[in-house]
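# Survey of secondary and tertiary structure
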Number of protein chains: 2
Amino acid sequence: MEVISENMSHGGVQGVYKHFAKTNECEMTFAVFTPPNRETPPPVLWYLSGLTCNHSNVMEKGEYREIAAELGITIVCPDTSPRGDNVPDERDNWQFGLGAGFYLDATQRPFSVNYNMYSYILHELTELIDNKFKVDMSRQGIFGHSMGGHGALTMALKNPKRFKSCSAFAPISQPSNASWSTPAFEKYLGQKNDEWRKYDAVSLIEDGHLFPEFFVDQGKGDSFLQDGLRPWLLVDACKDAGIKIKLRMHENYDHSYFFISTFMKDHLHWHHSRL
Amino acid sequence: MEVISENMSHGGVQGVYKHFAKTNECEMTFAVFTPPNRETPPPVLWYLSGLTCNHSNVMEKGEYREIAAELGITIVCPDTSPRGDNVPDERDNWQFGLGAGFYLDATQRPFSVNYNMYSYILHELTELIDNKFKVDMSRQGIFGHSMGGHGALTMALKNPKRFKSCSAFAPISQPSNASWSTPAFEKYLGQKNDEWRKYDAVSLIEDGHLFPEFFVDQGKGDSFLQDGLRPWLLVDACKDAGIKIKLRMHENYDHSYFFISTFMKDHLHWHHSRL
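Now for a description of the structure that goes with this document. (Residues numbered from 1 in each chain as written. Chains lettered and ligands numbered in written order. Predicted model: local features only at pLDDT ≥ 70, side-chain atom pairs only at ≥ 80, totals over all residues.)

## Regarding the sheet that holds strand β3 (residues 26-34) of chain A
Residue and element names in this part refer to chain A.
- Ordered by their spatial adjacency, nine strands build an open sheet running β1-β2-β3-β5-β4-β6-β7-β8-β9, and the pairing between neighbours is mixed. In this open sheet, the two strands that pair with only one neighbour each are β1 (2-9) and β9 (244-250). Across the sheet, the axes of successive neighbouring strands diverge by a mean angle of 20 degrees, strand direction being ignored.
- Pairing of strand β4 (residues 43-48) with strand β5 (residues 74-78) involves three bridges; the strand directions are parallel. (Pairing = 2+ DSSP bridges. Helix = DSSP H or I, 4+ residues; strand = E, 2+ residues; numbered from the N terminus. Axes fitted to C-alpha atoms, helices over the stretch in contact; angles between N-to-C directions.)

Take a look at the structure:
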């Protein structure tokens, strides 16, 4: 693991690190905020970012450090896809390829060589964090935004023993039948098949996966709300399955980091009280 | 004035706007955060950014919105220089030209046509803000970072009736004899002459300009501390002149926005209690 930068901030250290990821067969960059030292190692909260982002967007605009420092939480922000000249991509398509890994393990060539963000985060990066940082891996939570909010929901649903808390900002609810994600699912996973349901929050719930409770913030002024995000699908699925969900709809807020940063504090408190 | 974007954030509105500035003979972009509505119009706090920055850096990384919303302060973030293809520049020089206006009015051709950031901010942009936003112009404060921290100090010293409060993050103290600023001063103002003293905080104080009190935060791990910033020069000048100055030196903090955002809250409270 190579240190790209470490900056003191809010009494802790905001770091950016790089390593060669076997799972993705490429170099991966990620950000870790380490809160000020305490007697006990801090819990780990994973933040998964949305389409077009990398590790740095939420690090710069998410406004999480003050509260994470105060509550004593390590925040890990992975990239959203494999990177590099050798990674297959569609340059002019922001909904597929670089910046759009959808937190799944691709089954289709050539994408299956590098696009394994699910296993990368869940196993390889987790081991690295456990080895290189002083953290308490028995206390992990996960959250994210948009594609990453959905990634957090699916990872939590599939790993309810590992993650003790899950929340999301404006998550995609059902990517397997939303117009902005189905082309990517086809390329990563092949023509619609059972594999799609493993990376779709609503389908996972329908198929019996459970989680204690979700917390979701959504802006009513979000231009992706009606077609891409559709939180009511998630709410309905949760209700049918008996999963508690707290959805807050916010007048005038959009899909940007101006929205995320506004409600970041509430999410950190949500996770802190459960970790 | 053209609205580039307006996003709801922390209950207020973060806007980015553009207008043609006669003073600089070019289009200028600036950011304004308007806090949630109250009965009385909010005071205006000017934030001047450092070398290489434009209006957006502190808007994205400064973490000022939560507290500005809570305290009810309008934050105005101008650009650091004129912009555009017709504005003379030295492309590979980050200490001069675009992104490096030093908040002065240039006297030397060709720079004097566009590089008039002092008058632009103090007069033209001020009038625009007064006309287009619901603000209380009888309550104005000013702060900034590095080159912009120095800009804030000089504007306050030269306009102590207008600005009721002034603070700075890692300001340049005496640009007229620091190696990273003297070449720019020569190009903007000509070979060293009396004009230089009008845009130099320590010289202004030596020449009798007064201000009630300054508040300065400085990181001890700042790589520009010894040669470029030298806060002790400012402290000495203030002491000799009987100006109160509160300087805090912070272990391990550097020159970045990770430093600025950490202490932003303290600065907003400082200004709020004086506005």
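## Observations regarding the interface of chain B and chain A
- Listed per partner, the contact involves 16 residues of chain B and 16 residues of chain A.
- Partitioning the side of chain B that touches chain A into residue classes produces three nonpolar, nine polar and four charged. (Contact = placed C-beta atoms within 7 Å. Nonpolar A, V, L, I, M, F, W, Y, C, P; charged D, E, K, R; others polar.)

## A short note on the relation of the copies chain B and chain A
- Between the two copies, chain B and chain A, the superposition gives an RMSD of 0.0 Å; the rotation angle is 180 degrees and the shift along the axis is 0.0 Å. Such a combination of turn and shift is consistent with a two-fold rotation axis. In terms of proximity to the rotation axis, the leading residue of chain B is B:Lys61, whose C-alpha is 2.8 Å off the axis.
- A shared interface surface links the copies, since 100% of the contact residues of chain B are contact residues in chain A too. (Least-squares fit on C-alpha atoms with pLDDT ≥ 70 in both.)

## Some thoughts on helix α5 (residues 182-189) of chain A
All names here are of chain A.
- Restricting attention to buried positions, one finds in α5 the residues Ala184, Phe185, Tyr188 and Leu189. When α5 is viewed along its axis, its buried side chains cluster within an angular range of 100 degrees and face the same direction.
- As for α5, its buried residues are in contact with α6 (194-197). (Buried ≥ 20, exposed ≤ 12 C-beta atoms within 10 Å, placed from the backbone. Arc of directions from axis to C-beta.)

## Points about unusual backbone geometry
- The omega torsion across A:Arg109 and A:Pro110 is -5 degrees, close enough to zero to call that bond cis.
- Structurally, A:Pro110 can be placed in the loop between β5 and α3 (117-132).

## As for the sheet that holds strand β5 (residues 74-78) of chain B
All names here are of chain B.
- The nine strands are arranged β1-β2-β3-β5-β4-β6-β7-β8-β9 in an open sheet whose pairing can be described as mixed. Each of the sheet's edge strands pairs with one partner strand only, and the pair in question is β1 (2-9) and β9 (244-250). Across the sheet, the axes of successive neighbouring strands diverge by a mean angle of 20 degrees, strand direction being ignored.
- Strand direction decides the pairing type here: β1 and strand β2 (residues 12-21), joined by seven bridges, are antiparallel. Bridging from a neighbouring strand, valine 3 pairs with tyrosine 17 of β2.
- Contacts from helix α4 (residues 147-158) reach β4 (44-48), β6 (140-145), β7 (163-169) and β8 (213-219) within the one sheet, and its direction differs from that of β6 by about 150 degrees.

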